[in-house]
Amino acid sequence: MTEPGVTIDYAEVMRRLPHRYPFLLVDKAEAFVASTSITGIKNVTHNEPFFPGHFPIDPVMPGVLIVEAMAQTGALLMSKSLDVEVEGKVIMFMSIDGVRFRKPARPGDQLKMNVIVTKQRGDIFKFRGETFIDGKLAAEADFAAMVVTVDQPVTA
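Residues numbered from 1 in each chain as written. Predicted model: local features only at pLDDT ≥ 70, side-chain atom pairs only at ≥ 80, totals over all residues. Heavy atoms only, no water.

### Here we look at the pairing of strand 3 (residues 37-43)
For step 1, the next point in the chain: Counting buried positions over the seven residues of strand 3 gives six, a clear majority of the element.
For step 2, the next point in the chain: Relative to strand 3, strand 2 (residues 28-33) runs antiparallel, the two sharing four bridges. When the bridges of strand 3 are listed, V33 appears paired with S37.
For step 3, the next point in the chain: Hairpin geometry of strand 2 and strand 3 is characterised by an intervening segment of three residues between the two adjacent antiparallel strands and by a positive phi of about 55 degrees at S35. (Buried < 20%, exposed > 50% of the residue type's maximum accessible area, 1.4 Å probe, protein only. Helix = DSSP H or I, 4+ residues; strand = E, 2+ residues; numbered from the N terminus. Pairing = 2+ DSSP bridges.)

### A word on the nonpolar core
Buried together is how nonpolar side chains tend to be arranged in soluble globular proteins.
For step 1, the next point in the chain: Judged by nonpolar contacts, the single largest core of 39 residues is most densely connected at I38, M61, L76, L111 and F127.
For step 2, the next point in the chain: Looking at this core, the elements with two or more residues in it are strand 2, helix 2 (63-82), strand 5 (110-121), strand 6 (124-133) and strand 7 (136-149).
For step 3, the next point in the chain: In this view, L76 contacts I8, V13, R16, L17, V26, A29 and I38; residues no more than four positions away in its chain are not counted. (Core = buried A, V, L, I, M, F, W, Y, C linked by side-chain atoms within 4.5 Å. Contact = heavy atoms within 4.5 Å.)

Here you go:
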């Protein structure tokens with residue numbers, strides 16, 4: 001069951017995150033509450049570029065990419081909460097702690113990444129992320145990110 005909040009469609013994800021194929025790992029988001037929480041959605045397909053090598057006979061999404069998907073979900077929450085312009089700014093992953101993997105992600109799965117803000121100070125956010133597959137906890141982590149000004153604009 002989805003909690004009340006704002007839905008973020010794919011077009012807005014593309015406007016708010018600088019990531020592109022094959023590294024954009026959030027399709028859309030729901031239950032966005034500014035500076036509080038968000039649920040990112042990633043539909044895992046057999047066409048993902050990592051499956052031929054991880055692993056051809058028994059495809060499993062690499063755990064580091066599940067963590068990256070949670071981080072991108074947190075960046076989306078930050079971008080919309082702070083109304084960060086992608087041009088000239090980037091949201092950088094600062095730290096990660098307490099990562100646990102509970103269930104593998106495979107083709108056909110839908111990742112639901114529940115990310116909550118545990119602390120905010122200016123443009124630095126700390127998060128708790130939990131990823132679910134079919135309602136079961138698949139991964140969890142505590143992480144932090146900050147807004148950084150870049151010398152050159154981030155382009156696609």
